[in-house]
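# A structural walkthrough
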Amino acid sequence: MTEKAFDVMVVGSCMTDMVSQTPRLPKAGETIHGFKFFIGFGGKGANQCIQAARLGARTTMVCKVGKDVFGDNYIQNFKDNGVHTDFVGQTPDAATGTASIIVNNAGENAIVIVAGANMLLDSVDLQEALPAITRSKVLVCQLEINPQISLQALRMAQKNKVKTIFNPAPASPDLDPEFYTASDVFCCNESEAEMLTGSVVTNVEEARGAAQELLKRGCKSVIITLGPQGCVVVQAQESTSKHVPTTAVKAIDTTGAGDSFIGALAFYMAHYPTMALEEMTYRANQVAGVSVQAVGTQTSFPIRAGLPADLF
Ligand code: ADP
């Protein structure tokens, strides 16, 4: 059993992205030729963990992969990024999670996600990680594993006075209301906010309204990310919401921008616990803004050494 202390623990998903670029999407029953194929590391949980690690957080990942080559490669990817892997389980009962992605020349895509081993992460795995949860500063969860396991992890963290960040992604209209009270920071994007509140969220004003609505459900603070417009932040102890703008950049590939933002936020919450949330989100905007200027998901996430010193 490890006695290590961690800045950031992520309880969540790992997915292997298998991306084929094709002139057009195939029809049912059709075989077509693509012109490029690549494999990437993805999954919201792992993405967020890797971004936090690249900024210098001591990170640990609680997840499940298959006893297969994708699982072996994923564990190596965590190690290469300095993520602690004692709580990465390998199961013979399901394959490592995969996202098979077809992207056509118009940038449209068709995606099949098979969550596989991610869905086998269970309460026993959480119990094994409990001593490490108690020695973590921030715990982060999303919805790409069994939601009840995410909720249980958040509750275990809260009980041990570990700060919690919950990212309700992928969005689900029937989110268990207990997720709100289990979240110190409830962080989502515009479309997730829209699905959860039932109101349109396309600009800063609408995001302010949605953030207030989500706050009322019991979280301590709400962040709604707004792409090139930064984010909106609202906290229970302050009644007014704040828009935290960012410098809009020309995006090359926005895949994983939200994960880069959340990973950065987790790093700041762990390293600068007394910093104002607004300042943390200002800095997380800068980190995520860098990630959209390079292709890929984790491949686009910046490392600390490549960022301006005033972000640290
Ligand atoms: P998601 O990836 O979940 O859709 P967003 O599109 O809201 O999330 O992006 C997350 C964060 O990434 C934003 O809050 C912002 O900080 C940054 N970001 C995204 N697109 C841009 C952009 N074009 N210019 C600058 N920052 C961006």
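Residues numbered from 1 in each chain as written. Predicted model: local features only at pLDDT ≥ 70, side-chain atom pairs only at ≥ 80, totals over all residues. Heavy atoms only, no water.

### As for helix 1 (residues 44–54)
Keep this limit in mind: Burial status follows relative accessibility: with a 1.4 Å probe on protein chains alone, a residue under 20% of its type maximum counts as buried, one over 50% as exposed, and anything between as partly exposed. Where helices and strands are cited, they refer to DSSP runs of H or I of at least four residues and of E of at least two residues respectively, numbered from the N terminus.
With respect to burial, helix 1 is a largely interior element, ten of its eleven residues being buried. G56 sits one or two residues past helix 1 and shows a positive phi near 115°.

### A look at the UniProt feature "binding site: ATP" (unreviewed entry) in the protein chain
What counts here: UniProt positions are given in the numbering used here, feature names are shortened, and annotations may be inferred rather than shown by experiment. Note on contacts: a residue pair qualifies if any of its non-hydrogen atoms lie within 4.5 Å across the two residues.
Within the UniProt annotation, "binding site: ATP" (unreviewed entry) is assigned to N189, T225, L226, G227, P228, Q229, G230, T246, G258, D259 and N285. For N189, the position within the fold is in strand 10 (residues 185–189). With near-sequence residues (within four places) excluded, N189 lies in contact with I224 and T225. Along the polypeptide, P228 turns up in the loop between strand 11 (221–225) and strand 12 (231–235). Using a relative accessible area of 56% as the deciding quantity, one classes P228 as exposed.

### Side note on the site of the ligand
To keep things clear, this is the line we draw: Definition of nearness: a residue and a molecule or strand are near each other if at least one heavy atom of the residue lies within 4 Å of the molecule or strand. Identification of polar contacts relies on pairs of N or O atoms within 3.5 Å, with a donor-acceptor requirement for protein atoms, meaning one able to donate a hydrogen and the other able to accept it, and with residues adjacent in sequence counted only if both atoms are side-chain atoms. Polar here means any residue outside two lists: the nonpolar Ala, Val, Leu, Ile, Met, Phe, Trp, Tyr, Cys and Pro, and the charged Asp, Glu, Lys and Arg; Gly therefore counts as polar.
With respect to spatial proximity, 17 residues lie near the ligand, and among them T225, G227, G230, G258 and N285 are the closest. Here an oxygen atom of the ligand sits 2.9 Å away from a polar atom, N or O, in the main chain of G230. Those elements that place two or more of their residues in the shell around the ligand are helix 8 (257–271) and helix 9 (277–291). For the shell around the ligand, the per-class residue count stands at eight nonpolar, nine polar and no charged.

### Description of the pattern of salt bridges
In plain terms, the rule: Criterion for a salt bridge: a side-chain nitrogen of Lys or Arg within 4 Å of a carboxyl oxygen of Asp or Glu.
Summed over the entire model, instances satisfying the criterion amount to twelve salt bridges. In this structure, E278 engages K242 in a salt bridge whose closest nitrogen and oxygen atoms are separated by 3.5 Å. Here K242 lies in strand 13 (residues 242–244) and E278 lies in helix 9, a separation of 36 residues in the sequence. On the basis of relative accessibility, which here comes to 34%, the residue E278 falls in the partly exposed class.

### Regarding the sheet that holds strand 1 (residues 6–11)
Selection criterion: A pair of strands counts as paired when DSSP detects no fewer than two bridges linking them. Angles run from 0 to 180 degrees between N-to-C directions of axes, and those axes are lines fitted to C-alpha atoms, restricted for helices to the stretch in contact.
Across the sheet, which stays open at both edges, the nine strands sit in the order 5-4-1-8-9-10-11-12-13 with mixed pairing between neighbours. Each having just a single partner strand, strand 5 (88–91) and strand 13 make up the two edges of the open sheet. Pairs of neighbouring strands in the sheet enclose a mean axial angle of 20°, with direction left out of account. Bridge count between strand 1 and strand 8 (residues 136–141): five bridges; the pairing is parallel. Within strand 8, the position partnered with V8 by the bridge is V138. Packing against the sheet, helix 8 makes contact with strand 1, strand 8, strand 9 (163–166), strand 10, strand 11 and strand 12, and its axis sits at approximately 160° to strand 8.

### Considerations on the nonpolar core
The condition is simple: Nonpolar cores are built from buried Ala, Val, Leu, Ile, Met, Phe, Trp, Tyr and Cys residues. Side-chain atoms within 4.5 Å join them into one set.
Residues M61, F78, I165 and I223 are the most contacted members of the largest nonpolar core, which totals 44 residues. It is helix 8 that provides the largest number of residues to this core, a total of nine residues. Each residue touching I223, except ones within four places of it in the same chain, is listed here: V185, F186, C187, C188, C231, V232, V233, F261, L265, L277 and T281. Core analysis: the next-biggest nonpolar cluster, separate from the first, contains 43 residues, L126, C141, F186 and L196 among them.

### Quick notes on the sheet that holds strand 3 (residues 36–42)
Taken in spatial order, the four strands line up as 3-2-6-7 in an open sheet, and their pairing is mixed. The strands lining the two open edges of the sheet, one partner per strand, are strand 3 and strand 7 (109–114). Adjacent strand axes in the sheet meet at a mean angle of 15° when their direction is disregarded. Direction of pairing for strand 6 (residues 98–103) relative to strand 7: antiparallel, over a ladder of six bridges. Residue pairing in the sheet places V103 in a bridge with N109 of strand 7.

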